[in-house]
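Listed below, chain by chain, are the residues.
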Amino acid sequence: QTLDVIVVGSCMTDLVSQAPRLPKAGETIHGHKFFIGFGGKGANQCVQAARLGADSAMVCMVGKDFFGDNYIQNFKDGGVCTDFVKQTSAAATGTASITLNDAGENAIVIVAGANLLLDSEDLKDVQPTLNRAKVLVCQLEINPQTSLTALRMAQQCGVKTIFNPAPAIPLMDQEFYTVSDVFCCNESEAELLTGRPVSSVEEARDAGQNLKARGCGAVIVTLGPKGCVVLRGEGSKHIPTAAVSAMDTTGAGDSFIGALAFYMARYPTMPLEEMATRANHVAAVSVQTLGAQTSYPFKKDLPAALF
Ligand code: RIB
Ligand code: NA
């Protein structure tokens, strides 16, 4: 069987508190709502790709606990292949404690737990399936060496790679750039990796050029309501996105990347700029409702022109 998208990455149970604003250090404030959701950047990206119609598989580690069992069921319900989802009793399923303010902004603390126990050995079983896949996606919520091994394996067998350096780490192995067909990060990750401020389109273009020169095939810097900048070949293009009112931006970047993976797998000859335009649209839908995966659109909810 041929898969469109394989994600080697994280699963987190999102523990979300909504409050008027984010608390300061040492401060206690009243929130007005609490909910639990399925999150983690890897799983979010995988689930969004699947909702658009990609045949997707998740490679990850969860705990042998309630949250882990629940997460596996979530993948099954979403039609995501769980052949490579492992459970460990050595650590708990990852959690993300999220505070969400009234402006739809968030602050997140992740405790990766079981995610950090997925190692390069676990990837051996994936090789035969990877050989027949179209796109591999990795992030940085698992052991970075595991992500790097997966990206290398994909590159060696001619599978397109998307790398999302999130959350960004300061001393990232330079090989991450050369194993990325598409290196996709947001403003704050671009800032951390380049050491320059990134808030405007022009700054994103400069940062993107700097990152691309490190050896990536192409770079996309996402800019929230300002859309994204796509850099490939010698060129760069700003792709704006439609204005929407944001209720919860948690996981919007993952929705974008999941959509990008779907387009790369299913429409391999489509220009990257067009894929980014369509992925902007998908992510813009996700910010208009609460939660990460709960807000991700299905193919049936989207205009036919996106397919
Ligand atoms: O990118 C959003 C995700 O980051 C959340 O779902 C949370 O789990 C954190 O990992
Ligand atoms: Na959302």
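So, how was this worked out
Residues numbered from 1 in each chain as written. Chains lettered and ligands numbered in written order. Predicted model: local features only at pLDDT ≥ 70, side-chain atom pairs only at ≥ 80, totals over all residues. Heavy atoms only, no water. Salt bridge = Lys/Arg side-chain N within 4 Å of Asp/Glu carboxyl O. Helix = DSSP H or I, 4+ residues; strand = E, 2+ residues; numbered from the N terminus. Buried < 20%, exposed > 50% of the residue type's maximum accessible area, 1.4 Å probe, protein only. Expected span 1.5 Å × (residues − 1). Arc of directions from axis to C-beta. Contact = heavy atoms within 4.5 Å. Near = heavy atom within 4 Å. Polar contact = N/O pair within 3.5 Å; in protein donor to acceptor, adjacent residues only side chain to side chain. Phe/Tyr/Trp six-rings, centres within 6.5 Å; stacked < 30°, edge-to-face > 60°. Lys NZ or Arg CZ within 6 Å of the ring centre and 35° of its normal.

This brings us to the pattern of salt bridges. If charged atoms from side chains of opposite charge come close, those side chains can pair. In this structure the tally under the stated criterion is 12 salt bridges. For aspartate 4, the salt bridge is made with lysine 134, and the minimal N-O distance between the two is 3.7 Å. Of this pair, aspartate 4 sits in the segment before β1 (5–8) while lysine 134 is found in the loop between α3 (127–131) and β8 (135–138), placing the two residues 130 residues apart along the sequence. Assessed through its relative accessible area of 4%, aspartate 4 is described here as buried. As a salt-bridge pair, aspartate 122 and lysine 86 come within 2.8 Å of each other at their nearest N and O atoms. Within this pair, whereas aspartate 122 is found in the loop between β7 (106–111) and α3, its partner lysine 86 is found in strand β5 (residues 81–88), the two being separated by 36 residues in sequence. Here aspartate 122 falls in the buried class, since its relative accessible area comes to 12%. Given the relative accessible area of 28%, lysine 86 is considered partly exposed. Members of the salt-bridge network, linked through shared partners, are Asp4, Asp55, Lys134 and Arg266.

This part is about helix α2 (residues 66–77). Across its 12 residues, α2 extends 16 Å between first and last C-alpha, which sits within 8% of the 16 Å expected from 1.5 Å per residue. Looking only at α2, the buried set comprises Gly68, Tyr71, Ile72, Asn74 and Phe75. Projected down its long axis, α2 carries its buried residues within an arc of 155 degrees, all on one side. Set apart from the buried face of α2 by more than 90 degrees, the exposed residues are Phe66 and Asp77. On its buried face, α2 is in contact with β2 (12–18), β3 (33–39), α1 (41–51), β4 (56–63) and β5. After α2 finishes, the residue glycine 79 shows a positive phi value of roughly 75 degrees.

What follows covers the site of ligand 1. Surrounding ligand 1, one finds Met12, Asp14, Gly39, Gly40, Lys41, Asn44, Ala96, Ile110, Glu141, Gly251 and Asp254. The contact in question runs from an oxygen atom of ligand 1 to an N or O atom on the side chain of lysine 41, over 2.8 Å. At 2.6 Å, a side-chain N or O of aspartate 254 approaches an oxygen atom of ligand 1. Among the elements of the structure, β2 and α1 are those that each provide at least two residues to the shell around ligand 1.

Let us now look at the packing of aromatic side chains. On inspection of all chains with the given rule, the structure shows 10 aromatic pairs. Considering the side-chain rings of phenylalanine 163 and phenylalanine 176, the 4.5 Å spacing of their centres and the 10 degrees angle between planes classify their relative orientation as stacked. Note that phenylalanine 163 is positioned in strand β9 (residues 160–163) and phenylalanine 176 in helix α5 (residues 175–178), a separation of 13 residues in sequence. Phenylalanine 176 sits in the buried class, given a relative accessible area of 1%. For the pair tyrosine 177 and phenylalanine 183, a centre-to-centre distance of 5.0 Å together with 25 degrees between the ring planes defines the contact as stacked. Residue phenylalanine 183 is classed as buried on the basis of its relative accessible area, which comes to 0%. An aromatic cluster is present here, built from Phe163, Phe176, Tyr177 and Phe183 joined pairwise through their rings. For the cation-ring pair, lysine 299 lies above phenylalanine 307, with the distance from its terminal atom to the ring centre recorded as 5.1 Å.

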